[in-house]
Amino acid sequence: MTQTFPIERTLKTFSQLQTQFNLQRNTDDQFFTEWLNTDSELTQKEQQTLDAIRQKYFYQLSHNQLGEETIKLIVLSPLLDLADFFAPPFRFTTETTVQIQVESNDVIYRGRIDALVLQEMLWVVVIESKETSFSLELALPQTLAYMLANPHPEIPVFGMVTNGGNFIFVKLQIQEFPKYELSNVFSLLPRGNQLYDVLQILKRLGRIAGES
């Protein structure tokens, strides 16, 4: 009899993903170069918009911790708009149900992703900012679990996890077995606006997705 388990409650650690799906980290410097090869310069208007997003984020944060919906509204939505993810060929949906099955036994993991940019290549996960010191680390196993549901295992898929103030990118590739690697963490705390880097990476990944 097939058993179904919720992703967000069941797959919480990298160890569980390794046990269930043989997921392993690839530390080869050449495995995840897409986040390094950002070959587009930002316009002055884009930089001004990113500066405004950062300012609004800190203004809202100064009054209270930010929930998912606030982060989507003041940070994620305008950022994805700048990256042209609301235009063809992309379709943007929220709370999409995904499921993955363990081949060795009758187990299905099902969950809802907070935000998903379709084209089946880029997954975007938004988490609340109330656990800022550990939230990215806690969300990464869940993000990778969602990415394992990719219906086209022959192509690499990418993800971005954010709590509004911090961002990290992840690449997953399934060949003999699934492998992943992470980018640096980008934060809004330093003096320079690291949203510039985040937007350049999103544009780069968008071009890769459009060519697939």
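Here is a short report on the structure shown in this document. (Residues numbered from 1 in each chain as written. Predicted model: local features only at pLDDT ≥ 70, side-chain atom pairs only at ≥ 80, totals over all residues. Heavy atoms only, no water.)

### Some points on the side chain of asparagine 193
Our working definition: Labels follow the DSSP assignment, with helices taken as runs of H or I lasting at least four residues and strands as runs of E lasting at least two, numbered in each case from the N terminus. Under the scheme applied here, a residue whose accessible area is under 20% of the maximum for its type counts as buried, over 50% as exposed, and between as partly exposed, the area being computed with a 1.4 Å probe on protein chains only. The term polar contact refers here to a pair of N or O atoms within 3.5 Å; inside protein, the definition further demands a hydrogen-donor-capable atom paired with an acceptor-capable atom, and it admits residues adjacent in sequence only when both atoms are side-chain atoms. Contacts are assigned to residue pairs with any non-hydrogen atoms lying within 4.5 Å of each other.
Among the structural elements, asparagine 193 can be located in the loop between strand S8 (178–187) and helix H6 (195–211). A relative accessible area of 10% places asparagine 193 in the buried class. Among the polar contacts listed, one links the side chain of asparagine 193 to the side chain of aspartate 51, at a separation of 3.0 Å. Not counting the four nearest positions on each side in its chain, asparagine 193 is found in contact with Leu50, Asp51, Arg54 and Leu188.

### Structural notes on the nonpolar core
How we decide: Residues belong to one nonpolar core when they are buried, are Ala, Val, Leu, Ile, Met, Phe, Trp, Tyr or Cys, and are joined through side-chain atoms within 4.5 Å.
Of all hydrophobic cores here, the largest spans 35 residues; its most connected members are Phe167, Phe169, Val198 and Leu202. For this core, the secondary-structure elements that each account for two or more residues are helix H3 (44–61), helix H4 (68–82), strand S5 (122–126), strand S6 (157–162), strand S7 (166–174) and H6. When residues of this core are assigned to their parent elements, the largest contribution, 8 residues, is made by H6. With residues near it in sequence (within four places) discarded, leucine 202 still touches Leu79, Leu80, Ala83, Phe85, Leu122, Met160 and Phe169. Counting residues in each nonpolar core, the second largest holds 27 residues, with Leu11, Met147, Tyr180 and Leu182 among its members.

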